[in-house]
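Below are the chains, spelled out letter by letter.
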Amino acid sequence: MITFIVPDDVRELRLRIAELHADISELQGAPLSDKEAFEKARQVVQAHAARAQTGRILQHLIHGSASALIAWPYDPTSQEGTEIQPSAFDLLCAIDSKRMHELLKAQIKDSSHPRGVSKAERERRLAELQRDLRSAELDEEAAIVAAERAGAHVHRRLAADPAIILELGDTP
Amino acid sequence: MEKTPEKLTRLRDLRQMLKLHAQALDEQIDQSVRELENLRSTQTDRATKQDPALAASLEAECATLEAEVGDLRSRRSQVGHDLSKLAGTVERLDEYCRAHGIGTHPRAAYGSGLGASR
């Protein structure tokens with residue numbers, strides 16, 4: 001009869017591994033620092049400005065046209081003939097990018113949302129957690145091997161790193 | 001090319017042993033079920049019905065055999081579960097070795113009759 005077990009030390013290490021995975025996910029999903037949020041605001045302004053079709057607006061303003069309305073391109077995927085128009089936000093970003101960026105920065109500064117640690121600090125903590133995770137995974141495999149040497153069978157975790165299971169070096 | 005890691009070879013062997021174990025349990029279950037059917041058909045014989053002592057003894061035998069079949073099925077289910085988990089691990093390790101050019105790929109062994117398991 002071949003029976004698989006989960007020894008206590010393996011069970012404890014798996015709990016530790018699950019905790020470390022949860023900590024890593026939490027850190028990866030943590031709010032940005034103000035500095036990062038400012039940079040993100042700059043990227044947002046740039047991306048929305050690019051959608052504003054300012055060339056088309058200028059062309060309409062400079063060249064003679066019978067209509068006071070700008071002719072926007074049509075959405076080819078729409079059966080109702082919907083126009084692809086820039087939003088008011090796109091236009092504001094395009095017409096006064098710097099001011100829009102400053103306004104967004106002010107919004108960020110005044111916000112009461114929780115703030116994350118700095119990017120450098122987050123990366124340092126992440127590297128530390130990943131080191132701890134690797135160490136716990138190595139300990140887990142060592143515990144499984146010890147149990148196997150004692151004649152027991154233990155299943156590997158579905159997410160266990162094959163390189164660690166196979167002990168193919170590459171270990172700190 | 002590096003040779004197949006010893007641990008992977010051991011896990012493949014263990015998977016093969018589990019498969020054999022599952023097959024043996026399947027055969028045992030089939031046999032016990034057949035025995036149970038035979039006993040039940042004897043139970044319905046007119047001669048048996050007329051002999052209360054024999055009927056009671058057959059009833060007891062049937063109950064024992066039914067419990068045995070239940071136990072075998074439960075063990076078979078556990079072995080199936082273990083086999084599926086172990087097969088998943090072996091496949092992941094094989095995949096890793098294949099991607100890193102380590103050892104012989106088990107599919108290469110099919111044609112050569114080296115007994116690679118499916």
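Residues numbered from 1 in each chain as written. Chains lettered and ligands numbered in written order. Predicted model: local features only at pLDDT ≥ 70, side-chain atom pairs only at ≥ 80, totals over all residues. Heavy atoms only, no water.

Side note on the nonpolar core
Applied cut-off: We call a set of buried residues a nonpolar core when its members are Ala, Val, Leu, Ile, Met, Phe, Trp, Tyr or Cys and they connect through side-chain atoms within 4.5 Å of each other. A simple rule labels every residue: compare its accessible area, found with a 1.4 Å probe on the protein chains alone, to the largest value its type can have, and call it buried under 20%, exposed over 50%, or partly exposed in between. Secondary structure elements follow DSSP: runs of H or I of four or more residues count as helices, runs of E of two or more count as strands, with numbering from the N terminus. Whether two residues are in contact is decided by their heavy atoms, any of which lying within 4.5 Å being enough.
Core analysis: the biggest nonpolar cluster contains 22 residues, and Phe4(A), Leu166(A), Leu8(B), Leu18(B), Leu86(B) and Leu93(B) have the highest contact counts within it. Taken together, the elements giving at least two residues each to this core come down to α7 (162-165) of chain A together with α1 (6-43) and α3 (52-99) of chain B. The greatest single-element share of this core, amounting to 8 residues, is contributed by α3(B). Setting aside residues up to four positions removed in sequence, Leu93(B) forms contacts with Pro162(A), Ile165(A), Leu166(A), Leu8(B) and Leu11(B).

Description of the interface of chain B and chain A
For clarity, the threshold we go by: In this description, buried area is defined as the sum, over both parts, of the accessible area (probe of 1.4 Å) that is lost when the two are combined. Only one rule defines a salt bridge in this text: a Lys or Arg side-chain nitrogen within 4 Å of an Asp or Glu carboxyl oxygen. Here a polar contact means two N or O atoms within 3.5 Å. Within protein one must be a hydrogen donor candidate and the other an acceptor candidate, and residues neighboring in sequence count only if both atoms are side-chain atoms. In this count, Pro and Cys sit with the nonpolar residues alongside Ala, Val, Leu, Ile, Met, Phe, Trp and Tyr, while Asp, Glu, Lys and Arg are called charged and the others, Gly among them, polar.
Of the residues lining the interface, 20 residues belong to chain B; the matching set on chain A comes to 19 residues. When the area that chain B buries against chain A is broken down by residue, the three leading residues are Lys7(B), Arg92(B) and Tyr96(B), summing to 35%. Taken together, the connections running from chain B to chain A amount to 3 salt bridges. A salt bridge links Lys7(B) to Glu167(A); the shortest N-O distance between them is 2.8 Å. Counting across the chain B and chain A interface gives 7 residue pairs in polar contact (both at pLDDT 80 or more). At the level of elements, α1 and α3 of chain B are the ones that each hand at least two residues to the side of chain B that touches chain A. With 9 residues, the single largest contributor to the side of chain B that touches chain A is α3(B). Each residue belonging to the side of chain B that touches chain A can be placed in one class, and the counts come to 11 nonpolar, 2 polar and 7 charged.

Things to note about the packing of aromatic side chains
Selection criterion: Aromatic contacts are taken between Phe, Tyr and Trp rings whose centres are within 6.5 Å, Trp giving its six-membered ring; a plane angle under 30 degrees counts as stacked, one over 60 as edge-to-face, and the others as tilted. In our convention, an over-ring charge means Lys NZ or Arg CZ found within 6 Å of a ring centre and within 35 degrees of that ring's normal.
For the coordinates displayed, the defined rule picks out 0 aromatic pairs over all chains. Positioned above the aromatic ring of Phe38(A) is the side chain of Lys105(A), whose terminal nitrogen or guanidinium carbon lies 5.4 Å from the ring centre.

A closer look at empty space enclosed by the protein
In plain terms, the rule: Points on a 1 Å grid over protein atoms alone make up a cavity when a 1.4 Å probe fits among them but cannot get out, and a pocket when they form an open set with protein on both sides within 12 Å along at least five of seven lines; lining residues each have an atom within 4 Å of a point. Grid points are joined across faces, edges and corners, and a volume is the space filled by probe spheres set on the points.
Using the criterion set out here, one finds 2 cavities of 30 Å³ or more in the structure. Approximately 60 Å³ is the volume found for the largest cavity. Around the largest cavity sit Glu137(A), Glu140(A), Glu141(A), Ile144(A), Arg156(A), Arg157(A), Ala160(A), Asp161(A), Ile164(A) and Ile165(A), which together line it. Looking at the lining of the largest cavity, the elements with two or more residues in it are α6 (119-149) and α7 of chain A. Of all the elements, α6(A) adds the most residues to the lining of the largest cavity, at 4 residues. Looking at the lining of the largest cavity, its residues break down into 4 nonpolar, no polar and 6 charged. What the second largest cavity holds in volume is close to 30 Å³. The wall of the second largest cavity is formed by Val154(A), His155(A), Arg156(A), Leu11(B), Leu86(B) and Thr89(B). Residue classes in the lining of the second largest cavity are distributed as 3 nonpolar, 2 polar and 1 charged.

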